[in-house]
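Architecture at a glance
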Amino acid sequence: MNKLFYLSPAKKWTDALPLGNGHTGVMVYGGIKSEKLLFNDSNLWSGYPKNQDNPECLEYLDEVRDLIMSGENLVAQKIIEKRFIGDYSDAYLPLGEVDIKFFNNDKQNYSRSLDIANAVMHISTSTIEREAFVSFPDKVFVYKITSKAPISITLKGKSKLKYEVNTNDGNFNILGNAPDFTPPHYLKGRKATIYTEGKGMSFCLSAKIVTNGTISTNKKSVLVAKATEITIYFTTATGFVGYDKMPKTSRNYAFDLAWKTLNKLDGNYEEIKQNHISDYNSIYSKQSIDLKCKTDIPTNKLLKDAKSGIINSDIVELIYNYGKYLLIQSSRAGGSASNLQGIWNKDLQPAWSSNYTTNINTEMNYWGMSQCNLTDCAEPFVRLAFEVMRHGKSTAHINYNCDGFTCNHNVDIWRKTAPVKGNSCYMFSPLCGVWLANELYEHLRYGNMEEYRNNIQKITTQAVRFVLDFLILRNGEYITCPSTSPEASFVKNRAKVSVDFASAFDLGLIRQLFTNFKEYSQDAELLKKVEFRLSKLRPFTCGENGCLNEWSTDYTMSEKGHRHFSPLYAFYPAKVIGYYRNPQEKEWVENLYNTRIENSSNFIGWSSAWSICIAGRLRKADSAEEIIKKMIKSSFFNNLFDSHPPFIFQIDGNLGFVSAINELLVTEEDGVIELLPALPQMMKNGEMHNIRTSTANDLSFTWKDGKVQSLKVIGEPIKLKNLHLQDGIVLENVQLVD
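Let us look at the structure shown here. (Residues numbered from 1 in each chain as written. Predicted model: local features only at pLDDT ≥ 70, side-chain atom pairs only at ≥ 80, totals over all residues. Heavy atoms only, no water.)

**What to know about the sheet that holds strand S31 (residues 734–737)**
Pairing in this open sheet of four strands is mixed, and the strands run S25-S26-S30-S31 from one edge to the other. Either end of the sheet is taken by a strand with one partner, and the two such strands are strand S25 (666–669) and S31. Averaged over neighbouring strand pairs, the angle between their axes works out to 35 degrees when direction is ignored. Across four bridges, the pairing between strand S30 (residues 718–721) and S31 is parallel. (Pairing = 2+ DSSP bridges. Helix = DSSP H or I, 4+ residues; strand = E, 2+ residues; numbered from the N terminus. Axes fitted to C-alpha atoms, helices over the stretch in contact; angles between N-to-C directions.)

**Quick notes on helix H12 (residues 504–520)**
Spanning 17 residues, H12 covers 25 Å between terminal C-alpha atoms, matching the ideal 24 Å at 1.5 Å per step. Counting buried positions along H12 gives 14 out of 17 residues, so the element sits mostly inside the fold. (Expected span 1.5 Å × (residues − 1). Buried < 20%, exposed > 50% of the residue type's maximum accessible area, 1.4 Å probe, protein only.)

**Describing the packing of helix H15 (residues 605–617) against helix H16 (residues 621–634)**
Remark: H15 packs on H16, axes separated minimally by 9 Å, with the N-to-C direction vectors making an angle of 165 degrees. Classified by the interaxial angle, the pair formed by H15 and H16 is roughly antiparallel. Between H15 and H16 the crossing geometry is left-handed. Contacts from Gly605, Ser608, Ala609, Ser611, Ile612 and Ala615 in H15 reach Ser623, Ala624, Ile627, Ile628 and Met631 in H16. Split into classes, the residues belonging to the contact of H15 with H16 amount to seven nonpolar, four polar and no charged. (Parallel < 35°, antiparallel > 145°, perpendicular 65-115°, else oblique. Left-handed = near helix turned anticlockwise from the far one by under 90°. Contact = heavy atoms within 4.5 Å. Nonpolar A, V, L, I, M, F, W, Y, C, P; charged D, E, K, R; others polar.)

**Topic: empty space enclosed by the protein**
Tallied over the entire structure, the rule returns six cavities of 30 Å³ or more. Of the voids in this model, the largest cavity is the one considered here, and its volume is about 310 Å³. Along its surface, the largest cavity is lined by 25 residues, and Gln371, Glu442, Tyr446, Lys575 and Arg617 are the ones closest to its centre. Elements with a contribution of two residues or more to the lining of the largest cavity: helix H10 (432–444), helix H17 (651–665), S25 and strand S27 (686–692). For the lining of the largest cavity, the element with the most residues is H10, which contributes five residues. Grouping the constituent residues of the lining of the largest cavity by class yields nine nonpolar, eight polar and eight charged. The computed volume of the second largest cavity comes to approximately 90 Å³. Forming the walls of the second largest cavity are 13 residues, and the residues nearest its centre are Gly578, Tyr579, Arg617, Glu668 and Glu669. The leading source of residues in the lining of the second largest cavity is S25, at three residues. Looking at side-chain class alone, the lining of the second largest cavity contains four nonpolar, two polar and seven charged residues. (1 Å grid on protein atoms, 1.4 Å probe; cavity = no way out; pocket = protein on both sides within 12 Å on 5 of 7 lines; lining within 4 Å. Points joined across faces, edges and corners; volume = space filled by probe spheres on them.)

**Concerning the packing of aromatic side chains**
Applying the stated criterion across every chain yields a total of 38 aromatic pairs. Taking the centre distance of 6.0 Å and the plane angle of 5 degrees together, the rings of Tyr322 and Tyr325 count as stacked. With Tyr322 and Tyr325 both in helix H6 (residues 313–330) and three residues apart, this pair spans about one turn of that helix. For the pair formed by Tyr322 and Tyr325, the shared burial category is buried. Ring centres of Phe490 and Trp551 lie 4.8 Å apart, and the angle between their planes is 55 degrees; on these two criteria the pair is classed as tilted. Of the two residues, Phe490 sits in strand S20 (residues 490–492) while Trp551 sits in the loop between helix H13 (524–536) and strand S22 (556–557), which places them 61 residues apart along the sequence. For Phe490, a relative accessible area of 0% corresponds to the buried category. Members of the aromatic cluster, joined through ring pairs, are Trp367, Trp435, Phe505, Phe565, Tyr569, Tyr572, Tyr593 and Trp610. In this structure, Lys248 is placed above the aromatic ring of Tyr253, and the distance from its NZ or CZ to the ring centre is 6.0 Å. If you follow Arg619 out to its NZ or CZ, it ends over the ring of Tyr579, 4.3 Å from the centre. (Phe/Tyr/Trp six-rings, centres within 6.5 Å; stacked < 30°, edge-to-face > 60°. Lys NZ or Arg CZ within 6 Å of the ring centre and 35° of its normal.)

Below, the structure is given as structure tokens:
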């Protein structure tokens, strides 16, 4: 399934349909009497470069370590929350709204649809046809209206930021400035926006109108009259000039950039549309899935049926394809990386500042990228991590007296790397830079990222340098201290505590990092240090209940069904603990996983996606199917945006779902591929074309009743686990492994 479609217009933002090109994002409502278009620009953030590094952290670091090692965890935590802090990240902001009023339209035979194979939206009534798309080649959002009889429209615009409307020369512009600071939505008592310093970047939304009607303007709006064809070309621009440079505040600067793009347009509407489709589809169609269940039910009805318990493979396939679509639309070369909401945000104070949350969410956005042959989306993510590495060197040195780089759990367009304020369970997470390095390095294994190899290896090397200095030797073992497990806590002396030493999360990150580094490094001195610390790195441990210990010892968890699966990082997404290679540790992983699932009552989208991924690697098909159904039943809005409680859009659930389905169909351990490791009954028949593996192969295969019927391997011969194969299957370029 490659289409979302509806028989009524959107009433709210989570009904509207998203379009984008990695630079400009647009939410299209498809109204009948009026159209609402909400615009974002991937570079429009509050603030400017700031130094939040904190030398106080280093002054108290040894004291905090001694307190933790002597069992005074809570005392240490209070010092961390007072002395180790920086300030909050800046926020990703909405640019503006354009309203188009129709003077002659009807509601007969209404429909709206989003073709996610070509990234084109259609809105239709009996008299008027509309098409919309955002072109990456031409950097414009195009909205075309075709009417059987002459019609008139007006364009009006506004912004939640400081702005003005300019309609000179029959064109349409919204110009403004971002605030100097926008605090997180969860803070009480702080103003929503601060403009006092006048340092916020400028922005501009400009529109060029091509029509066979007449155009007239007043100070605030544009009127197009007596037209049967109206094509509006929109583009956005900002004063952002680099993560380490003060933004341009002049509105003329953004205005000139926008019109430079519009004046470059070469070709008519059909040529621009075909160039857009060719560009987009060449990425989207590289890989595909077919779960053999087709329906013509409107998407909102399909979702309504799912919420009542009728869940088939059709909606699984649609959500999977939609996840691919959203990544392509929100992450393209030259734009910013996909943030908590991808590229679409309507709020002046978005949830969690719509930033880069690097203790899981940012990485999850890109888990499925290489598997789905979507490495055209990689450049913004690599650039984000590389710039974080550069900025994080200062934080590593000033906060911890360490070489290399660090970052904590909140990053913004200015590449903030210091901690925020708040509870240590989230604010102190200095190995998030290691996670970024590991995530990127895993993509190298898929073979389509060679142009980024040097930068990824630099990021990895600098992460290694930080860890080598941050580790401390205690009782013959190298450990991290202080250490946290993202957003989790344990009970000690009847108090909730979040800081300890040697969390399973940290140990998994470090073991994967050192393994990656050993694969490519020629630095004999660093390799010697890595080997020595790895040989003495504290091992994973098991508690009395048979679960992998999240902390240094078998503490009681504050929340048994916690949404984060961070202690299982070493098993997924990392490959430190193998299903076949490490049977004892795998059993510990499975027991902790079961504990989390059995005690979870709130199926948050991204957490559900992560749990499906782990179920796949654990070969737990029934668990995977149960969680898929619960996720679809409770975690999607009408436009299939992922829902985070209470009613917040987070794109990581959408994008994590893609990698989750992939993991149920294809997994790999130590160079051996296994097909259908955890196939749900609801997906018992299907086809997969050109899924990429970490052995740098493309695989195309079909299955029926849970058995692989055919397999085509592109690339070098593969090792394949002799499981789930139809008797008599003919295999080429395959070595079977028992």
